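Examining the three-dimensional arrangement
The primary structure of each chain is shown beneath.
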Amino acid sequence: MGKLTDKVAKGVFWVLMEKFGIQAAHFVVTLVLARLLTPNDYGTVALLSVFVAVSNVLVDSGFSKALVQKKDATQTDYNTVFYISMALAAVLYSALFFSAPLVAKFYDVPELGAMLRVMALSLVFHSLNNVQGVEMNRKMLFHLSFRISWARVAVSAVVGVALALAGYGPWALVWASVSGGVAGVIARQLVIRWRPTLSFSWDSARSLFRFGWKMMAASLLNSVFSNLYALVIGKFYTKADLAFVKKGSHIPKLIGNTADATLSKVTFPALVRLQDDPAKLRNAMRRMIKCSTFVVFPLMACSALVAEPMVALMYGDRWLPIVPFMQLTCFAVAFKPFDSINFQAINARGRSDIYLKLIVLRRVVGLLLMALALPYGVMTFMVCSAIVYGPIGVVMNSLPNRNVLKYSIAMQLCDVLPSLALTVVLAAVVFGIGCIPVGGKLLLFPQVAVGFAVYGALAVWLRFRPVGEFADMLLPHVRKRSAGLSRPVEWLSRRCSK
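Residues numbered from 1 in each chain as written. Predicted model: local features only at pLDDT ≥ 70, side-chain atom pairs only at ≥ 80, totals over all residues. Heavy atoms only, no water.

Check the secondary structure of the chain and you find 20 helices and zero strands. For the chain, the proportion of its 498 residues judged to be buried stands at 54%. Restricting the contact set of the chain to residue pairs at least 6 apart, pairs at least 24 apart contribute 83%. (Helix = DSSP H or I, 4+ residues; strand = E, 2+ residues; numbered from the N terminus. Buried < 20%, exposed > 50% of the residue type's maximum accessible area, 1.4 Å probe, protein only. Contact = heavy atoms within 4.5 Å.)

And the structure:
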């Protein structure tokens with residue numbers, strides 16, 4: 001367990017560096033582009049991203065998860081997944097290429113056809129990167145993923161901003177995406193030593209597909225459903241509405257999903273190693289839920305409370321209509337750790353059948369809510385998506401682990417109550433400072449700084465275990481870089497690990 005814990009700690013550190021560092025850079029670029037492009041430009045490209053996202057799920061076909069889950073994966077297994085992914089990418093790209101005019105006609109936007117044909121090239125890049133990504137995850141080489149992501153984002157940012165300044169409108173976003181994909185492929189080929197050989201096995205394909213098809217079906221349902229609202233809003237409302245919804249969800253998803261994805265990316269390979277010991281798997285799951293909610297809850301609460309001055313300062317007043325959508329998304333993203341970690345634990349046990357059933361049930365409920373809300377406008381549509389669907393999903397996802405790992409929804413709620421209580425205190429502080437009769441933009445930084453200072457101080461004073469967990473993760477890296485900084489980190493580790 002010691003070596004595994006060390007690997008998880010190092011993995012979390014590097015993935016945090018990757019996710020938050022990359023997202024911070026991406027966020028800065030987004031701010032620049034939001035000043036240069038219009039809501040209609042963003043709405044146009046948002047329509048395209050739906051088709052590409054769903055197709056990428058089909059390219060993967062669940063094989064990457066199956067490879068990570070398989071204990072004794074061979075070179076033949078890797079080759080098989082590589083060649084199948086390449087074949088699927090070619091088929092799906094051809095389908096999108098020839099159907100592009102129909103998509104443009106459906107939305108009555110002539111330029112969508114050419115844009116889709118270019119943006120769909122990301123399918124090829126995804127298929128080339130798929131197996132290298134599995135290799136990094138299996139060996140937990142997250143420091144390499146960090147470097148690759150920086151190369152990809154740097155190229156994408158330069159291309160996107162340059163073309164936006166040159167007046168290319170939505171094409172700036174399209175070419176930014178494509179150039180980032182090319183850079184990602186080149187970078188992975190340079191740093192990952194794995195190369196395909198001329199071997200292929202239908203037996204391997206069938207074995208991996210028995211586990212992977214359920215993961216693929218669940219991921220496909222997830223992707224279709226999470227992107228369906230974009231198709232519906234783009235068709236029944238306006239492109240500006242779609243841009244406001246997408247941009248409103250950007251900040252909370254960037255913050256919350258980055259924290260959640262960091263733990264998920266590292267924890268699934270780690271949980272797989274504990275799959276034969278339900279007691280240790282349950283304890284690891286509890287620690288992960290406590291740590292993720294300790295970070296996500298206050299981030300979402302603070303983001304919702306300062307949404308208006310934040311949007312005005314970063315994007316400008318013409319983007320203020322995104323504020324209510326941003327607040328709704330903050331509420332929805334706060335539930336993400338429950339969903340993700342429950343799913344990770346189920347899949348680590350090899351129960352992809354339960355995972356698929358849960359996804360199907362949740363999506364049926366979601367579609368019913370979507371159909372009921374559609375006639376009442378885009379705001380009602382999003383309220384049902386966030387306020388109603390989120391809590392229902394948490395209850396559904398937690399039910400199987402009551403039997404599989406003896407970890408019920410009541411136990412999960414008890415584990416997160418301390419973080420929730422501290423978040424209420426943070427929210428009260430942030431809201432109170434916001435009531436001071438001074439310009440909203442001027443109060444933004446004091447609100448955030450004081451709120452999180454109070455949150456952190458109370459967490460340390462009350463000896464919250466997640467503080468000790470994060471201190472333990474940081475300690476090996478801090479010791480190498482700063483002897484002075486290592487002392488307070490060691491003190492936090494000792495104080496909050498008891």
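Right, let's get into the packing of helix α11 (residues 278–305) against helix α17 (residues 409–434). It is at 9 Å that the axes of α11 and α17 come closest, and there the two elements cross at 25°. Taken together, the axes of α11 and α17 lie roughly parallel to each other. Read as a crossing pair, α11 and α17 show a hand that is right-handed. Residues M285, R286, I289, K290, T293, F294, F297, P298, A301, C302 and L305 of α11 pack against M411, Q412, D415, V416, S419, L420, T423, L426, A427, V430 and F431 of α17. (Axes fitted to C-alpha atoms, helices over the stretch in contact; angles between N-to-C directions. Parallel < 35°, antiparallel > 145°, perpendicular 65-115°, else oblique. Left-handed = near helix turned anticlockwise from the far one by under 90°.)

Here the focus is the nonpolar core. By size, the foremost hydrophobic cluster in this structure holds 92 residues, and its most contacted members are I233, M300 and F381. The element that contributes the greatest number of residues to this core is α11, accounting for 14 residues. With eight residues, the next largest nonpolar core counts L67, Y78, W194 and L208 among its residues. (Core = buried A, V, L, I, M, F, W, Y, C linked by side-chain atoms within 4.5 Å.)

Another point: the pattern of salt bridges. By the definition in use, this model includes one salt bridge. Note that R286 and D415 form a salt bridge whose closest N and O atoms lie 2.7 Å from each other. With R286 in helix α11 and D415 in helix α17, this residue pair connects regions lying 129 residues apart in the sequence. (Salt bridge = Lys/Arg side-chain N within 4 Å of Asp/Glu carboxyl O.)

Take the packing of helix α5 (residues 112–119) against helix α8 (residues 170–191) next. Packed helices, taken two at a time, are described by their axes: the angle between them and the distance between them. The geometry of α5 relative to α8 is characterised by a closest axis approach of 9 Å and an angle of 15° between their N-to-C directions. Compared by their axis directions, α5 and α8 come out roughly parallel. For the pair α5 and α8, the crossing hand works out as left-handed. Residue-level inspection shows A114, M115, V118 and M119 of α5 in contact with α8, the latter providing P170, W171, V174, W175, S177 and V178. Across the contact of α5 with α8, the residue classes tally to nine nonpolar, one polar and no charged. (Nonpolar A, V, L, I, M, F, W, Y, C, P; charged D, E, K, R; others polar.)

The subject of this paragraph is the packing of aromatic side chains. All chains considered together, the criterion is met by seven aromatic pairs. Seen in terms of ring centroids, F294 and Y455 are 5.3 Å apart; in terms of plane orientation they differ by 40°. Their pairing is tilted. Residue F294 is located in helix α11, and its partner Y455 is located in helix α18 (residues 440–461); the two are separated by 161 residues in the primary sequence. Looking at F294, the relative accessible area reads 9%, which means it is buried. Exposure remark for Y455: the relative accessible area of 4% places this residue in the buried category. Residues F331 and F335 carry aromatic rings whose centres are separated by 5.2 Å and whose planes lie at 75° to one another, so their mutual orientation is edge-to-face. Under the relative-accessibility criterion, F335 is labelled buried at 19%. Among the aromatic residues, those joined into a ring-pair cluster are Y93, F97 and F98. (Phe/Tyr/Trp six-rings, centres within 6.5 Å; stacked < 30°, edge-to-face > 60°.)

Let us look at the environment of P196. For P196, the position within the fold is in the loop between α8 and α9 (202–236). Residue classification places P196 among the partly exposed residues on the basis of a relative accessible area of 32%. Put simply, P196 and V81 are 115 residues apart on the chain and 9.9 Å apart in space, counted from C-alpha to C-alpha. Sequence-distant contacts of P196, that is, excluding residues within four places in its chain, are made with Q75, N79, F82 and Y83.

Among the eight residues of α5, six are classified as buried, and the element is accordingly described as predominantly covered. Along α5, the residues classified as buried are L112, G113, M115, L116, V118 and M119.

The subject of this paragraph is a nonpolar patch on the surface. Taken together, F331, M379, V383, I387, V388 and I392 make up a surface patch of nonpolar side chains, about 400 Å² in accessible area. Mapped onto the elements of the fold, V388 is located in helix α16 (residues 378–404). According to the relative accessible area criterion, V388 is partly exposed, its value standing at 32%. (Patch = residues over 30% accessible without salt bridge, like charges linked within 9 Å, V, L, I, M, F, W, Y side chains within 5 Å. Areas by Shrake-Rupley, 256 points an atom, 1.4 Å probe, with all protein chains shown as cover.)

Taken as a whole and judged by the stated rule, the model has zero disulfides. With no disulfide of its own, C330 has C302 as its nearest cysteine by sulfur position, at a separation of 9.4 Å. For C330, a relative accessible area of 2% gives the class buried. (Disulfide = S-S within 2.5 Å.)

Another point: α16. With 27 residues, α16 extends 39 Å from end C-alpha to end C-alpha; this agrees with the ideal 39 Å at 1.5 Å per step. When the local axis directions of α16 are compared, the greatest deviation, roughly 40°, occurs at Y389, which is followed within four positions by the proline P391. Phi for K406, located one or two positions after α16, is positive at around 60°. (Expected span 1.5 Å × (residues − 1). Bend = angle between axes of the 7 residues up to and from the residue.)

This brings us to the side chain of S292. Looking at the element boundaries, S292 is found in helix α11. From its side chain, S292 meets the backbone oxygen of I289 in a polar contact 3.2 Å long. (Polar contact = N/O pair within 3.5 Å; in protein donor to acceptor, adjacent residues only side chain to side chain.)

Let us now look at unusual backbone geometry. The residue R463 is not glycine, and still its phi comes out positive at about 60°. Topologically, R463 is positioned in the loop between α18 and α19 (465–481). Taking relative accessible area as the criterion, R463 reaches 38% and is therefore assigned partly exposed.

This part is about the environment of A164. By the secondary structure assignment, A164 is in helix α7 (residues 142–165). Between the C-alpha atom of A164 and that of A176, which follows or precedes it by 12 residues, the distance is 9.9 Å.

Moving on, we get to the confidence of the model for the chain. Here the chain averages 75 in pLDDT, and 72% of its residues register 70 or above. Across the chain, element-level confidence peaks in α17 with a mean pLDDT of 88 and bottoms out in helix α1 (residues 2–36) with 56. (pLDDT = per-residue confidence, 0-100.)

Relative to the helices and strands, V395 resides in helix α16. Put simply, V395 and A410 are 15 residues apart on the chain and 9.9 Å apart in space, counted from C-alpha to C-alpha.

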